[in-house]
Amino acid sequence: MLSDEILRVENLYVSVEGTPILKGLSLTIHRGEIHAIMGRNGAGKSTLANVVMGHPAYEITSGNIFYKGEPLEDLEVFQRARAGMFLSFQYPAVIPGVQVGTFLKKSVASVRDDPPKGRAFRKELTAAMEKLSMDKSFLSRYVNDGFSGGEKKRLEILQMLLLQPHLALLDETDSGLDIDALRIVAQGINEVAADSACLIITHYQRLLDLVKPHYVHAMMDGAIVRTGGPELALELEDRGYDWLEVTA
Amino acid sequence: MSDDAQEIIGDYKYGFHDPENSTIRFDKGLSEQVVRDISELKNEPQWMTDIRVKAYRHFVERVMPEWGNCSLLNMIDFENVTYFLRSSNKTEKSWDDVPDDIKNTFDRLGIPEAEQKWLGGVTAQYESEAVYHSIREDLEEQGVIFLDMDSGLKQYPEIVKKYFGTVIPHSDNKFSALNTAVWSGGSFLYIPKGVHVEMPVQAYFRINAKNMGQFERTLIIADEGSSVHYVEGCTAPSYSTDSLHSAVVELIAMDGAKIRYSTVQNWSSNVYNLVTKRAVAHRNATVEWVDGNIGSKLTMKYPSVLLKGEGAHAEVISVAYAGKGQHQDTGAKVHHLAPNTTSNILSKSISKGGGRSSYRGLLQVTPKSTGCRSKVVCDALILDEDSRSDTYPTMEIGNSTADLEHEASVSKVSNDQLFYLMSRGFSEEEAMGLIVNGFFEPFTRELPMEYAVELNKLLELEMEGSIG
């Protein structure tokens, strides 16, 4: 149904500092769908996530991105966030001196339409942290400052739970996680994915064992070269990407 | 408001001024007669008059500093300054007795409210003298003396005579000479042996008149084993002509005493703020300077500690924000003069909109000071291409047993930080505000809560309308 369309990328070409990265990528995601994008390093997977979120370093040379049927180009990054878009970063930035608790509260207040306040917020926060097996001491630490890889990813997922996005872009959220952490993170993703559109960028099958994608896309040289169901992920894991080059 | 005025005032919310109702106002300009007149008007003992005159003569002979921001310093027109202005004939003990317009000003600055909530005592200085002063009865009963400096000299001349100018002699620098010559107002605080003052005491300094010179003089003595936290704030109206604030602050921490002195200086951007602050720490005493510089046109201020007694400790945490047209030349000086003394210096500065911040530090370790430890950390954050930050650290190390650390960094806000924060719903200005507040956090967390909240708001305001 058209009304459930969240993201539509049409024949997108993107360059970074004059170098073309995305070359005619198209993709549509509806509410309730989980899409996974797999591909080698340098295929343009992270570029796709960043350009959808509005990173200023990426230049769209042609093509369009629509969010809920509206063109995205005029929306600034923070407006995209306030409209319900979320990117879980592969390498989240460190913000020294800003406590996680303050940061989360302010972020929720700017993004959510009717943000929980005071006790309601604390209750929601505590519940979300429990789900992710995060200790309360996280809240008084500075955002990503001195965090291990796993802690950073958990904080990303915690933000996703609290911000309740309509579109979640997860950029290699599984990398650097041990199996227990992966399970916890996957739980978080599944919870949000049930009611939103979700795009998972990954190198590995193992996250997709825990978060079942409806569609799997193989990406090569800036475009999607094959789309299938969960079985495609298994095939890519098994055979690599070379066979696609031959058939593409 | 004209564009020019807006340019000068900007978002500075303390830039309002009252009509000037002075009871005594000296003509502009400085001479030996002006110095003698101030002393006579205040009915001072002869020895104080003599100190003033001696200091004045030194001031006249002393050349301007040939470091810091010389071009701005040389623009000071000492003949265009009002050196004494009395706006109320008495220092009142009740806000109700303070003249209405002055009381309104302090209401707008939130002083009476803060006093009721969390302060142990308050001095409010308006122009040259204190207009309001009070201290909680329980502190008075414990023998704590908290007075404006003029009353301190009247009521406790022997204590003042004993300590005045012993930490900062008039000949220390040109501006300490000026202050000693024309000083008026400031705080006199004495904490008896073993008394711990739990609630901070506060002084608030307000300049109202144009081309005003404010020269408060503060002397704090913490007797053996006592402790106190003294807080000061300062603001002034925004005028297109300059005002001069030149204070001298002397602290004496006796054996085992602890003094914390916190400042949030938010002068309007037409004020020269040239202040000398120095402390002596005796055996096992601790002195902490928590020094925030947000306002003024040019600030030159380097809170110092002389670690005179064995085991004494100094802590200096300072931040400076230099916006458009501002130069914050700040830092810290610590002199390790006795064995096993320790010090920590943390300095953080932000430059924005063409502003300039300089860190100027001195760490001295004398041969006597064996087994001392010191750590100095300087971080600068530069928000745009037009702004500037410099570091001038000096170390004089006189023995090889000292354990010293020095770290310095200069950073910019990264695009990755901005993109990350914006992807979490913060506008670019809000994101900058968060980053800036985070950068100052090690300072802010040392302030009383009310000050910290106010400072954070202030910095967020500074980030507004700044991104094109």
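No experiment lies behind these values; they were computed from the predicted model shown.

Scoring rules and cut-offs
Residues numbered from 1 in each chain as written. Chains lettered and ligands numbered in written order. Predicted model: local features only at pLDDT ≥ 70, side-chain atom pairs only at ≥ 80, totals over all residues. Buried ≥ 20, exposed ≤ 12 C-beta atoms within 10 Å, placed from the backbone. Helix = DSSP H or I, 4+ residues; strand = E, 2+ residues; numbered from the N terminus. Pairing = 2+ DSSP bridges. Contact = placed C-beta atoms within 7 Å. Nonpolar A, V, L, I, M, F, W, Y, C, P; charged D, E, K, R; others polar. Axes fitted to C-alpha atoms, helices over the stretch in contact; angles between N-to-C directions. Core = buried A, V, L, I, M, F, W, Y, C linked by C-beta atoms within 7 Å. Domains from an automatic or database assignment. Left-handed = near helix turned anticlockwise from the far one by under 90°. pLDDT = per-residue confidence, 0-100. Expected span 1.5 Å × (residues − 1). Arc of directions from axis to C-beta.

Residues and numbers for the pairing of strand β3 (residues 34–39) of chain A, please.
Residues and elements named next belong to chain A. Along β3, six of the six residues are buried, which leaves the element largely enclosed by surrounding structure. Side-chain alternation along β3 places I34, A36 and M38 on one buried face and H35, I37 and G39 on a second face that is also buried. In the sheet, β3 pairs with strand β10 (residues 197–202) via five bridges, with the strands oriented parallel. Residue pairing across strands places A36 opposite I200, the latter belonging to β10. Bridge analysis of β3 against strand β11 (residues 215–220) gives five bridges, and the strand direction is parallel. Bridge pairing links G39 to M219 in β11.

For the interface of chain A and chain B, give the residues involved together with the corresponding values.
With 18 residues of chain A at the interface, the matching set in chain B holds 17 residues. Secondary-structure elements contributing two or more residues to the side of chain A that touches chain B are α2 (77–82), β7 (95–99) and α3 (100–111) of chain A. The residue inventory of the side of chain A that touches chain B, partitioned by class, reads twelve nonpolar, five polar and one charged.

So, the sheet that holds β3 of chain A: which residues are in play, and what are the values?
In a beta sheet, neighbouring strands are held together by backbone hydrogen bonds and run either parallel or antiparallel to one another. All names here are of chain A. Taken in spatial order, the six strands of this open sheet run β6-β9-β10-β3-β11-β12, and their pairing is mixed. Lying at the two open borders of the sheet, with one neighbouring strand each, are β6 (85–88) and β12 (223–228). Averaged over all pairs of adjacent strands, the angle between strand axes in this sheet comes to 20°, irrespective of strand direction. Sitting on the sheet, helix α1 (residues 45–53) is in contact with β3, β6, β9 (167–171), β10 and β11, with an inclination near 145° to β9.

Tell me about the pairing of strand β7 (residues 201–206) of chain B, and please be specific about residues and values.
Residues and elements named next belong to chain B. β7 sits mainly inside the fold: six of its six residues count as buried. In β7, alternate side chains face the same way, and those of V201, A203 and F205 on one face and Q202, Y204 and R206 on the other are all buried. As paired strands, strand β3 (residues 121–126) and β7 are joined by six bridges and run parallel to one another. Bridge pairing in β7 links T123 to A203. For β7 and strand β10 (residues 227–235), the ladder comprises six bridges, and the chain directions are parallel.

Before we move on, could you go through the nonpolar core and cite the residues and values that matter?
If you look at the biggest cluster of nonpolar residues, it comprises 207 residues, and the most contacted ones within it are L169 of chain A together with A253, I259, A279, A281 and V287 of chain B. With eight residues, the single largest contributor to this core is helix α12 (residues 428–444) of chain B. Each of domain 1 (3–301) and domain 2 (420–468) of chain B accounts for three or more of the residues forming this core.

How would you explain the packing of helix α3 (residues 46–61) of chain B against helix α10 (residues 174–182) of chain B if you had to name every residue and give the values?
All names here are of chain B. As a packed pair, α3 and α10 sit with axes 7 Å apart at the nearest point and diverge in direction by 145°. Crossing hand, α3 versus α10: left-handed. In this structure, α3 uses I51, R52, A55, Y56, H58 and F59 to contact α10, whose residues at the interface are K174, A177, L178, T180 and A181. By residue class, the composition of the contact of α3 with α10 is seven nonpolar, two polar and two charged.

Explain the sheet that holds strand β16 (residues 286–293) of chain B to me, using residue names and the numbers behind them.
Residue and element names in this part refer to chain B. Pairing is mixed in the open sheet, where ten strands are placed in the order β4-β3-β7-β10-β13-β16-β19-β21-β23-β25. The open sheet has two edge strands, β4 (129–135) and β25 (403–412), and neither has a second partner. Sheet twist, expressed as the mean angle between neighbouring strand axes with direction ignored, is 5°. Against the sheet, α12 makes contact with β16, β19 (313–322), β21 (342–351) and β23 (373–382), and its axis sits at roughly 160° relative to β21, the strand it touches most.

Quick rundown of unusual backbone geometry? Include the residues and the values.
Phi angles above zero are rare outside glycine, and N11 of chain A is one such case at about 45°. With respect to the secondary-structure elements, N11 of chain A resides in strand β1 (residues 5–16). Backbone geometry places N284 of chain B, a non-glycine residue, at a positive phi of 55°. Looking at the element boundaries, N284 of chain B is found in the loop between β15 (276–281) and β16.

So what's going on with the confidence of the model for chain B? Which residues, and what values?
Mean pLDDT for chain B: 92, with 97% of residues reaching 70 or above. Contacts for the low-pLDDT stretch residues 1–9 of chain B, under 50 throughout, to residues beyond four places or in other chains number seven contacts.

Mind laying out the domain arrangement of chain B, listing which residues take part and the relevant values?
All names here are of chain B. The domains assigned to chain B are domain 1 (3–301) and domain 2 (420–468). Once you take the C-alpha centre of each, domain 1 and domain 2 turn out to be 29 Å apart. Taken together, the contact pairs eleven residues of domain 1 with ten residues of domain 2. Counting residues per element, the ones that place at least two in the side of domain 1 that touches domain 2 are α6 (111–118), β13 (258–265) and β16.

So what about helix α13 (residues 449–463) of chain B? Which residues, and what values?
Residues and elements named next belong to chain B. Taking 1.5 Å of rise per residue, 15 residues should cover 21 Å, and α13 covers 22 Å from first to last C-alpha, within 8% of that figure. Of all the positions in α13, only Y451, L455, L458, L459, E462 and M463 are classed as buried. In a view along the axis of α13, the buried residues occupy a sector of 140°, so they form one face of it. Residues M449 and V453 are exposed on α13 and point more than 90 degrees away from its buried face.

How would you summarise the environment of A380 of chain B if you had to cite specific residues and measurements?
Residue and element names in this part refer to chain B. Summarising the element assignment, A380 is placed in strand β23. With 24 C-beta atoms packed within 10 Å, A380 lands in the buried category. Considering only alpha carbons, one finds A380 and K457, 77 residues apart in sequence, at a separation of 21 Å. Setting aside residues up to four positions removed in sequence, A380 forms contacts with S349, S357, S389 and V410.

Residue-level account of the packing of α12 of chain B against α13 of chain B, with values.
Residues and elements named next belong to chain B. In the contact formed by α12 and α13, the axes pass within 9 Å of each other and the chain directions differ by 145°. Note on packing geometry: the crossing formed by α12 with α13 is right-handed. Contacts between α12 and α13 involve E429, M432, G433, V436, N437, F440 and T444 from the former and A452, L455, N456, L459, E460 and M463 from the latter.

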